[in-house]
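If you want the building blocks of each chain, they are given just below.
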Amino acid sequence: MVKHIILWTLNPELSEERKAEVKKDIKAGLEGLVGKVPGLVSVKVAVAGRLASSNCDVMLDSTLESEAALKAYAVHPEHVAVADTKVRPYTVQRVCLDFEE
């Protein structure tokens, strides 16, 4: 199994209300990919409960069957659509950690 962890920082120019909407959309979009993208085993998007000690806004914690599945996920049209419409327009920083379990 491969873990794919992403941390994003939202654009600080967004209002708090807009940030809440964006987080909700990111969570729904990415979690909705399970069952649509082959090899994507699980997705959890953390958007609530952020402590003041945090320096990012959203976390993706996903599990894929293999490194090949991760590579296919990266270019899968449904994933790209979520990334292009719900994530990239609203984020200013992305940090990624991929590893085998």
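1. Quick look at the pairing of strand 1 (residues 2-10)
Part 1 of the argument: The buried fraction of strand 1 is high, at eight of nine residues.
Part 2 of the argument: Pairing of strand 1 with strand 3 (residues 58-64) involves seven bridges; the strand directions are antiparallel. Its bridge partner being in strand 3, I5 is matched across the sheet by D61.
Part 3 of the argument: One ladder, built from nine bridges, connects strand 1 with strand 4 (residues 91-100); its direction is antiparallel.

2. Describing the side chain of H76
Part 1 of the argument: Here H76 is to be found in the loop between helix 2 (67-75) and helix 3 (77-87).
Part 2 of the argument: A distance of 3.1 Å separates the side chain of H76 from the backbone nitrogen of E78, its partner in a polar contact.
Part 3 of the argument: If sequence neighbours within four positions are ignored, H76 has contacts with K36, V37 and P38.

3. Re helix 3
Part 1 of the argument: Residues H79, V82, A83 and V87 constitute the buried set of helix 3. Along helix 3, the residues classed as buried sweep out an arc of 95° about the axis, all on the same side.
Part 2 of the argument: Looking at the buried positions of helix 3, the neighbouring elements they touch are strand 1, helix 1 (16-31), helix 2 and strand 4.

4. Observations regarding the nonpolar core
Part 1 of the argument: Within the largest apolar cluster, 22 residues are counted, with the highest numbers of intra-cluster contacts made by W8, I26, L30, V45, L60 and Y73.
Part 2 of the argument: Elements represented by at least two residues in this core include exactly strand 1, helix 1, strand 2 (40-46), strand 3, helix 2 and helix 3.
Part 3 of the argument: Ranked by residue count, the leading element in this core is strand 1, at four residues.
Part 4 of the argument: Once residues within four sequence positions are removed from consideration, Y73 is found in contact with H4, L30, L33, V37, L40, L60, L64 and H79.

The rules behind the values
Residues numbered from 1 in each chain as written. Predicted model: local features only at pLDDT ≥ 70, side-chain atom pairs only at ≥ 80, totals over all residues. Heavy atoms only, no water. Buried < 20%, exposed > 50% of the residue type's maximum accessible area, 1.4 Å probe, protein only. Helix = DSSP H or I, 4+ residues; strand = E, 2+ residues; numbered from the N terminus. Pairing = 2+ DSSP bridges. Polar contact = N/O pair within 3.5 Å; in protein donor to acceptor, adjacent residues only side chain to side chain. Contact = heavy atoms within 4.5 Å. Arc of directions from axis to C-beta. Core = buried A, V, L, I, M, F, W, Y, C linked by side-chain atoms within 4.5 Å.

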